[in-house]
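What follows is the residue order along each chain.
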Amino acid sequence: MKYSKATNYALHTMLYLVVATPNKPIGVQQLAERQEVSPTYLSKILTKLVKAGMIESASGANGGYRLKRNWEEISFLDIIHAVEGTASLFDCLNHGPECLIQKEMIAAEEKMEEHLRNQKMSELAKKISMV
């Protein structure tokens, strides 16, 4: 199982926004340079996070991206779903909903999602500030 590079960039960008300053907009150029990625590519990822309601964009000279209200509650799973979507990781093609393998894979995925749902960016940021 592997998440896309976009998810990696989204998670790191969100953590940077939480740690740097939740209320001050940061430009896409600065965010892209921080991760050594193209600003165009990162803009596409940021658009998904905007659509998911986690961040907002401000245009103009002092524009950029910043976290929206209630950012303390954003979980790893929220970010992953914003980028990857919510489709199941495993799909049993020929055996239908009664497939025992499908049931086991869904149970495992639910446990993983529960763990990711409980991992908040704000909690991770606190660990960074302690270091």
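Description of the structure in this document. (Residues numbered from 1 in each chain as written. Predicted model: local features only at pLDDT ≥ 70, side-chain atom pairs only at ≥ 80, totals over all residues. Heavy atoms only, no water.)

Points about the packing of helix 1 (residues 5-20) against helix 4 (residues 76-84)
Two numbers describe how helix 1 lies on helix 4: the axes approach to 9 Å, and their chain directions differ by 135°. Here helix 4 runs oblique to helix 1, going by the angle between their axes. Considering the relative orientation of helix 1 and helix 4, their crossing is right-handed. Contacts between helix 1 and helix 4 involve Ala6, Thr7, Ala10, Leu11 and Met14 from the first element and Phe76, Ile79, Ile80, Val83 and Glu84 from the second. (Axes fitted to C-alpha atoms, helices over the stretch in contact; angles between N-to-C directions. Helix = DSSP H or I, 4+ residues; strand = E, 2+ residues; numbered from the N terminus. Parallel < 35°, antiparallel > 145°, perpendicular 65-115°, else oblique. Left-handed = near helix turned anticlockwise from the far one by under 90°. Contact = heavy atoms within 4.5 Å.)

Side note on the layout of surface pockets
Regions of empty space are outlined by a rolling probe, equal in size to a water molecule, passed over the atoms. Approximately 190 Å³ is the volume found for the largest pocket. Forming the boundary of the largest pocket are 16 residues, of which Tyr3, Ile80, Glu84, Ala87 and Leu89 lie nearest the centre. Looking at the lining of the largest pocket, the elements that each hand over two or more residues are helix 4 and helix 5 (100-118). Counted by class, the lining of the largest pocket contains 8 nonpolar, 4 polar and 4 charged residues. (1 Å grid on protein atoms, 1.4 Å probe; cavity = no way out; pocket = protein on both sides within 12 Å on 5 of 7 lines; lining within 4 Å. Points joined across faces, edges and corners; volume = space filled by probe spheres on them. Nonpolar A, V, L, I, M, F, W, Y, C, P; charged D, E, K, R; others polar.)

Quick notes on the packing of aromatic side chains
For the coordinates displayed, the defined rule picks out 1 aromatic pair. Relative to Tyr41, the ring of Tyr9 has its centre 5.8 Å away and its plane inclined at 85°; by these criteria the two rings are edge-to-face. Remark: Tyr41 occurs in helix 3 (residues 39-51) and Tyr9 occurs in helix 1; sequence separation between them is 32 residues. When its relative accessible area of 18% is taken as the criterion, Tyr9 is described as buried. (Phe/Tyr/Trp six-rings, centres within 6.5 Å; stacked < 30°, edge-to-face > 60°. Buried < 20%, exposed > 50% of the residue type's maximum accessible area, 1.4 Å probe, protein only.)

Notes on the side chain of Thr7
Note on placement: Thr7 falls in helix 1. Apart from residues no more than four positions distant in its own chain, Thr7 is found in contact with Ile80, Val83 and Glu84.

Observations regarding the pattern of salt bridges
Throughout the structure, instances matching the rule amount to 4 salt bridges. Lys103 serves as the salt-bridge partner of Glu98, at 3.3 Å between the closest nitrogen and oxygen. Residue Lys126 pairs with Glu123 through a salt bridge whose shortest N-O separation is 3.2 Å. Residue Lys126 and its partner Glu123 are both found in helix 6 (residues 121-130); the two are separated by 3 residues, about one turn of the helix. (Salt bridge = Lys/Arg side-chain N within 4 Å of Asp/Glu carboxyl O.)

Everything listed here is a matter of coordinates, which is why it stays silent on function.
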